[in-house]
Each structure stands twice: as structure tokens, then as C-alpha cells.
Amino acid sequence: MRISNKSDFVSSIVLFFTGIIFYFVIIPREIILEDEAVIGPDLLPNICIILITFLSILLFIKSVKNVNQIDAGSHTDDKLGLLNERNDFSVIEIRRVFLLSLSLLVSILLFTYIDVLLASIFLVLSTCVVCGLKKVWVILTLSAGLILLAYFLLYQVLGTAVG
Amino acid sequence: MSLELLNSVLTLNNISWIAFGVLLGYVVGVIPGLGKGTAVAVSIPITFYLSPLTGIAYLIGIAKGSTAGSAVSAILLNTPGEPSSAPTALDGYPMSQNGQASKALKMGLFASVIGDFFATLLLIFLAAPLAEYALLFGPVEVTSILLFSLTFIAALSGDSLIKGLIAGLFGLLFSTVGMEIETATVRFTFGILELFDGLSLIPVAIGMLAVAEMFVQLGGLEALEEQQRKLKNNIKSINQNISWQEWKLCFPAIFRGTLVGSTVGILPGLGASVASFLSYGLAKKAAKNPSRFGKGAIEGIAAAESADNAVVPSSLVPLFALGIPGSVIAAILIGAFIIQGVTPGPLMFVQQPQLVNGIYLSMICASLLLLIIGFFGQKIFSMLSLVSLRLIIPSVIFFCAIGSYLQGGGIIGVWLILFFGIFGYFAKKLDFSFVTFLIGFVVGPQFELSLRQAIAVTPNFENLLNHPIAIIFTLLTILAMWKIGVAKKKIQ
């Protein structure tokens, strides 16, 4: 037995444990049944989680094939790999995704604890840096342009406010 | 058509917003990596400040514009703005390489407008009669139809039936967050007060579509820039007209493409990519000399683009007639309808016929505006495809944050786009259909309600026999899963 699809294999394990945690820990804790209703509010969440767990087992089984099957299909897999370049993870991509998520997170915290303007400036500047913009005048022009545009749109056109 | 309706639709304000929507959509479509889903999701918060008719028409304008615009980058850069424009690139890019870019772009636009226009007419003639039947359905029938739609979409989106079903189930699960209406039980709020009202569709859609797509695009920045550099060196601005001979070649392809796109659009879940590839394949099969395809056959562009654009209006048929979103655009439009206090579905034809007719007329206006804007803006749009994604991503992320703050209940909306952005990124990379997830999320509350009602009215199995429509749809669900599952296994 060998893993034929690594991403499906890992996904199935993660999903299986997510299902188990939801069924035994999160659903009982987060849906407190006060009355004995005929159809409880936990019906749909339970159905979903049971099915997700069951399907994750199927996905696991599908992701492991015996050696002969892999060898027979290996030629096709190579071709598909070229077509599905978008589905491959690269180190640089993961790093950028992490940094962009981090800049969004920091902006939220700045917004919550300090000021909306500072949060906006940080969000645009950090996103520019994560995207690899190097020219300072481009970064500054883009940041100023976006913040002014947002100000004009929100405060002048729509008549609303942020913050 | 009444004079009152014409007066309500053909106002300067309404036409300006539709034109702005089409223009914005076109621009977004031209820029590789920004799809119509992203554009519509980010624009929803603006519709809160518009009238229901103007808001919906504006969003539909964006969807139409971006579908047509995605052909530009496919033809010039060999990088489709959306996957559904991939077949356009097969012949469009070779034409562009041969110095016939202008001709290819014009045919792409004309085919798009024709496909879009006739599919809009189909929506107008088909939705109302279907809605009349839908009004006769009870909870048992609604449950079975929703189950069928969701399974069908899950089965057809992506490569794996299992992963499609998991994505749909996660959508349903996330839709249960917040207070349950019947028993007032709070579910999955983790003590966060802002979640008591449930998850708002707008931050979920913005996170899953826009933010996640930007995350995905971060990995391909260098490859896209390489294509843009090549185009910069080769760009030629010769104006070329399509000859009558070429039109004669393209008419059957456009007709076939419109028919394929309209049919595929009505069926939930198939999507524009299936339509454009199918139409392209049929055009190649019907050609006298199929070997021309892939080397710059103009009818290849006509076939793909007419089908691609016909999908947008026809995918609104299930939404208008049954209240079931058949595509990601339809799912996001539900959010816009809800903001405006309108529930899409069969009752809309009874309660707000003026609005429905207004939307139809606005859609026809959008088709005409698409032709005008696309034709006169061709050169500018061609230049826009050279704009670097390094400038686009910060702008999109910034406006995503503002939009979700405005319509997502404050800062919780921004937290949600961060969460669903990461969730959507992994879903996209691992091929768990985000379309199925979103549709599951949108139909979740209705599904839960009708499921509860169905269980209440059919306490035992014999009662089910009184609902033949429900039985048919349940059997169809099983059959579709089995057939599609077997077909996918064969492909793999």
C-alpha cells in the first residue's frame, strides 16, 4: 500500500479528526439542548459532521492505492501535474500567503486598539511589500491613492464612516 | 412593456450604474486573476446604498462585463481572466501572434454580446412559467430539490465527487452558525456576541472568492509578469475588421454556443467552463477543416465566447424560478437581494413583478452597453491587461476589508474575511469546490427549515408516497451521484 495522492491523504486525515472533534467536543459544547424538541437544533450539524467524517474515510481509502495501480497510472499523473500547476504549493507562495494573512491580522488589531487610519496605512503598505513592490514612490502613491479613494467613497459619496 | 416600467429603468441614475458595472466588470475581467466572483462579491456592499433595481442591475452588469472582458487577456496574454475563457485562448492567442489581435478581440466581443443577449431573452421567457410550478411545492418537495441541486453541484464541481460533497456539507455546517430560529438555541458562536445573528454572506463570499483568489495569485506573480513582458514587446495597434466570409464561418458557431451556454447555465453546477469547452469542441467537430482549430480559427473564439457569456443570464433561471442558486454569481446575488429586503424565488414574481421586469430590462440594457463599452474601449482594455498584479492585490485586499467591515457587522467582518480567505485558499489549492461550499452556505437556512418541516409532515415512510415529485428528485439525486461518480472514476 502506497500513497497515491498526498494532498488528499493529508486532507482526509485532517477532515477525519475535525469530524471527531466536532462530534464529540464542539457540537455538545456549542449546541446546548435545553428542551426535548422533536427535531433538535443539532440535527443538521450532526448530519453534516457524520457525513464529512464518513466521506473523509472514503477519501482516505481513495488516496491510498496499491503499488501496481500507482505504477500503471504514473504516466498520466505526470501529465496532470503539468496541467494542475495552480494546485501545487510552493515555498514562496506559502510565505507570501502567511505574510499577507499576518498583515491583515495586524491591521485588525491596529484598528481595534489604536486607530482606523493607522490600520489602513499599515494594511496597504504591508500588502505592497508582501507583493514585492520595490519602488518607494509607487508604494506611497498607491497607498495615498487608495486611502483617499476610500475616504471619498465612504465619507463623501456613501455618507458613511469607518471606525 | 408599460411606460411606467420604462420610466423606472431608463433613468440616468440607473443607466449610469449599469454602465459603471459593465465597465468595472470589463476592467476586472481583463486583468488576469480577478474573476467575476471577486468583482461582484467586493461590490455588494455598495448596493446597500442603491435602490433594489439599480443595485441588482449594477451587479449583473459587473458579471456580464467581466465575462466578456476575460477574453481580452486570453487573446493577448494566453492567460484567461477566468477558466471559462481558456478555449478562447486556444485560437485567440495564435491570432494575436499572427498580428490579428484586433480581429480576435472584436469577434470575442460580438460573440459575447450575442450569446449574452439571447440567453437573457431565454431567462425572461423561461423563469416565470417555471416559477408558477415552483409555487405548488411544499417543504418535502423543496427539501428534495435542494438536496438534488446541492448533490448535483457537488458532483460536477471539481475533479472529485467526494471532495465536492465535503465542500457542500461544510457550507451547510457554516450556515448553522448563530441563533436557530425555532428553538432560539445558539449554535457555534463560541461566546462571540457578533455571531449570534449568524455569519453574514458578504464577508464569507468576499473571503472565499476575493481574498482566497488573491492568496492563490500570490504564487503565480512571476509567471504572469513574464507573459506581460512578451505582450509589451509584441503589441500592435492595427485596426482590423471582420470580413463577411468570416462572419459566415462564425454564425453557426455563435448560434450553437448560445444554445449550449444557455442549456448548461440552467443546470446547476455545470458552470461556464463546461459550456465554453463543450461549445468549442462542437464547433471543431462541425468544421470542414478541424485542423485549423488551435492555430487561429476565428470561429473557435466565437464558439467559446458565445457559450461563456450565455451562461451568466441563464444561470439566473433556477435562482429566479426556484430560489436556488445554480452558480457562484447567483449565490452572491442572493446576498444582494437580501440586503434589499427581497427574497429571490417564485414569490418574487407575485410580490414584486415590477422589480423582476425592471431587472430584465436592465439586463438587456447591460447587453447593449457591453457592446458599446467593449467596442470603443478595446484599445484601453488591451493596455489594462499589462497592469501588474502586484498593484492589484493591495487594492483588492484593501477594498475587501472595507466592504466586509461595512456589510459584515463591523470588525467581525474583517476577521471573517481573514478566516474564510485562508479556508478558501486551501479549498482552492486542494480542489475542494468553493462554489459548492458557497451554494451550500446560501441554501443552508432554507434547507434546514424545509427539512424540519418535511420531517414534521411526513412522520412515517408511507407519507412520503404522497409526494411523487420529492420521490423523483430523491431518485434523481441517487442516479446523478452514481452516474457522475462512475464517469469521474473512468476519467481518473
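Analysis parameters
- Residues numbered from 1 in each chain as written.
- Chains lettered and ligands numbered in written order.
- Predicted model: local features only at pLDDT ≥ 70, side-chain atom pairs only at ≥ 80, totals over all residues.
- Helix = DSSP H or I, 4+ residues; strand = E, 2+ residues; numbered from the N terminus.
- Rg over C-alpha atoms; globule rule 2.2 N^0.38 Å.
- Buried ≥ 20, exposed ≤ 12 C-beta atoms within 10 Å, placed from the backbone.
- Contact = placed C-beta atoms within 7 Å.
- Nonpolar A, V, L, I, M, F, W, Y, C, P; charged D, E, K, R; others polar.
- Expected span 1.5 Å × (residues − 1).

Asks: When you look at the overall build of chain B in this model, what are you seeing that I'm missing?
Replies: Along its length, chain B carries 22 helices and two strands. Relative to the compact-globule value of 23 Å for 492 residues, chain B shows a C-alpha radius of gyration of 22 Å, a close match. Dimensions of chain B along its principal axes, counting C-alpha atoms only, are 70 × 55 × 45 Å. A buried classification covers 63% of the 492 residues belonging to chain B. Partitioning the contacts of chain B with sequence separation of at least 6, the portion at a separation of at least 24 is 79%.

Asks: Got a minute to help me understand the overall build of chain A in this structure?
Replies: Scanning chain A from N- to C-terminus turns up six helices and two strands. Beginning at the N terminus, the succession of helices and strands in chain A can be written as β-α-α-β-α-α-α-α. Across the 163 residues of chain A, 22% fall into the buried class. Of all intrachain contacts in chain A linking residues separated by at least 6 positions in sequence, the fraction that spans at least 24 positions is 58%.

Asks: Looking at this structure, I do not really get the interface of chain A and chain B. What am I missing?
Replies: Interface size, as often reported, equals the accessible area lost upon joining of the parts. Tallying the contact residues gives 49 residues for chain A and 45 residues for chain B. Within the residue set of the side of chain A that touches chain B, elements represented by two or more residues are helix H1 (6-30), helix H2 (43-63), helix H4 (91-113), helix H5 (116-130) and helix H6 (136-157) of chain A. Ranked by residues supplied to the side of chain A that touches chain B, first place goes to H4(A) with eleven residues. Class assignment of the residues belonging to the side of chain A that touches chain B gives a composition of 33 nonpolar, nine polar and seven charged.

Asks: Hey, could you run me through H4(A) in this one?
Replies: For an α-helix, the turn length of 3.6 residues means that residues three or four places apart are oriented alike. Over its 23 residues, H4(A) runs 33 Å from end to end, which matches the ideal 33 Å to within 8%, given 1.5 Å per residue. Within H4(A), the full set of buried residues consists of Arg96(A), Val97(A), Leu100(A), Ser103(A), Leu104(A), Ser107(A), Ile108(A) and Phe111(A). Summarising the contacts, the buried residues of H4(A) are in contact with H5 of chain A together with helix H9 (201-218) and helix H20 (411-429) of chain B.

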